[in-house]
Amino acid sequence: QRVGGDNATIRLLVWAGALVLVTVALLKGVPLLAGLLAHLVPAHWEQAWGKQMLDLIGEDVAACESVEGQAALHVLTERLVATTKAPFPFKVQVSSSPLVNAMALPGGHIILFQGLITSAQSPEEVAGVLAHEMAHEVQRHPMRGLLRTAGLRLVIGALSGGSGAAFSFGGVGELI
């Protein structure tokens, strides 16, 4: 009986080791693959997906409608655009949210939150945050994140017996 117990222990250790290996491969491999694939996604696809995400966020995004505010934002954006090479044009908008934050969506869509603008000590602080978000866009970080999340959802769906169709842009709102 001792031999049978040893075999069970060995099998358990092999399965545990395999589970650890698969987990590490997923956690390292999917993000690596997403980073490589992000640069292969056509810019017009990325822009469309970013627009879809923007639409899911809602009407709250286009909060800054004053002529002076729009002009200042346009000048600031154009000054920063002149210093970088982006795969697509930037579309910067201001949300009325009081959050002190900003975010980049795929395809050049950048949202600055009103709380950030209000709490900024100077225009240079806003410019710094906007430049940071633009750098995310140039490096395709929003697209990488979207692909990483989609890849993990696909793998988890397949491993858990799902249809394997866990990824759809119809449900892109869940990825934000």
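Keep in mind the model is a prediction, meaning the values are calculated, not measured.

Calculation notes
Residues numbered from 1 in each chain as written. Predicted model: local features only at pLDDT ≥ 70, side-chain atom pairs only at ≥ 80, totals over all residues. Heavy atoms only, no water. 1 Å grid on protein atoms, 1.4 Å probe; cavity = no way out; pocket = protein on both sides within 12 Å on 5 of 7 lines; lining within 4 Å. Points joined across faces, edges and corners; volume = space filled by probe spheres on them. Helix = DSSP H or I, 4+ residues; strand = E, 2+ residues; numbered from the N terminus. Nonpolar A, V, L, I, M, F, W, Y, C, P; charged D, E, K, R; others polar. Pairing = 2+ DSSP bridges. Axes fitted to C-alpha atoms, helices over the stretch in contact; angles between N-to-C directions. Contact = heavy atoms within 4.5 Å. Parallel < 35°, antiparallel > 145°, perpendicular 65-115°, else oblique. Left-handed = near helix turned anticlockwise from the far one by under 90°. Salt bridge = Lys/Arg side-chain N within 4 Å of Asp/Glu carboxyl O. Buried < 20%, exposed > 50% of the residue type's maximum accessible area, 1.4 Å probe, protein only. Expected span 1.5 Å × (residues − 1). Core = buried A, V, L, I, M, F, W, Y, C linked by side-chain atoms within 4.5 Å. Polar contact = N/O pair within 3.5 Å; in protein donor to acceptor, adjacent residues only side chain to side chain.

Any details on the layout of surface pockets? Residues and values, ideally.
There is about 240 Å³ of room inside the largest pocket. Ala72, Leu73, Leu76, Ile117 and Val126 are the residues nearest the centre of the largest pocket, which is lined by 13 residues in total. Sorting the residues of the lining of the largest pocket by element identifies helix H3 (67-81), helix H4 (114-119) and helix H5 (123-138) as the ones contributing at least two each. Per-element tally for the lining of the largest pocket: the top contributor is H3, with 4 residues. Here the lining of the largest pocket is composed, by residue class, of 10 nonpolar, 3 polar and no charged.

So what's going on with the sheet that holds strand S1 (residues 91-95)? Which residues, and what values?
Taken together, 3 strands build an open sheet; the order of strands is S1-S3-S2 and the sheet is mixed. A strand with exactly one partner marks an edge of an open sheet, and here the two such strands are S1 and strand S2 (102-105). In this sheet, adjacent strand axes meet at a mean angle of 20° when their direction is disregarded. Running at roughly 30° to strand S3 (residues 109-113), helix H2 (residues 43-57) makes contact with S1, S2 and S3 of the sheet.

Break down the packing of H3 against H5 for me, citing the residues and quoting the values.
One can describe the packing of H3 onto H5 by two numbers: an axis separation of 10 Å at closest approach and a directional angle of 50°. Considered as vectors, H3 and H5 are oriented oblique to each other. Note that H3 runs across H5; the crossing there is right-handed. When H3 is examined against H5, the residues Leu76, Thr77, Leu80 and Val81 are found in contact with a partner set consisting of Val126, Ala127, Leu130, Ala131 and Met134. Its residues placed into classes, the contact of H3 with H5 shows 8 nonpolar, 1 polar and no charged.

Which residues make up the pattern of salt bridges, and what values do they have?
One pass over the full model with this rule turns up 2 salt bridges. The shortest N-O distance in the salt bridge between Glu46 and Arg140 comes to 2.6 Å. Note that Glu46 is positioned in helix H2 and Arg140 in the loop between H5 and helix H6 (141-159), a separation of 94 residues in sequence. For the pair shown, Glu46 and Arg140 are each scored as buried. For Asp55, the salt bridge is made with Lys51, and the minimal N-O distance between the two is 2.7 Å. Of this pair, Asp55 and Lys51 both sit in helix H2, 4 residues apart, which is roughly one turn of the helix. Looking at Lys51, the relative accessible area reads 40%, which means it is partly exposed.

Provide a residue-level description of H3, including the pertinent values.
Between its first and last C-alpha atoms H3 spans 21 Å; for 15 residues at 1.5 Å apiece the expected length is 21 Å, and the two agree. Against the buried residues of H3 lie S1, S3 and H5.

Can you explain the pairing of S2? Please cite residues and give values.
Bridging between S2 and S3 involves 4 bridges; their strand directions are antiparallel. Considered in S3, the bridge of Met103 is made with Ile111. Linking two consecutive strands that pair antiparallel, namely S2 and S3, is a turn of 3 residues; a positive phi of about 85° is found at Gly107 within it.

Outline the nonpolar core, supporting the account with residue identities and numerical values.
By size, the foremost hydrophobic cluster in this structure holds 14 residues, and its most contacted members are Leu76, Val92, Ile110, Leu112, Leu130 and Met134. Only H3, S1, S3 and H5 provide two or more residues apiece to this core. Once residues lying within four places of it in the same chain are set aside, the contact partners of Met134 are Thr77, Leu80, Val81, Phe90 and Ile110. Core analysis: the second largest hydrophobic core is formed by 7 residues, Ala34, Val41, Met143 and Leu147 among them.

Now, about the side chain of Glu46: what can you tell me, with residues and values included?
Owing to a relative accessible area of 0%, Glu46 belongs among the buried residues under this scheme. A polar contact is formed between the side chain of Glu46 and the backbone nitrogen of Gly107, at a distance of 3.3 Å. Beyond its immediate chain neighbours, meaning those up to four positions away, Glu46 contacts Ala38, Val41, Phe88, Pro106, Gly107, Arg140 and Met143.

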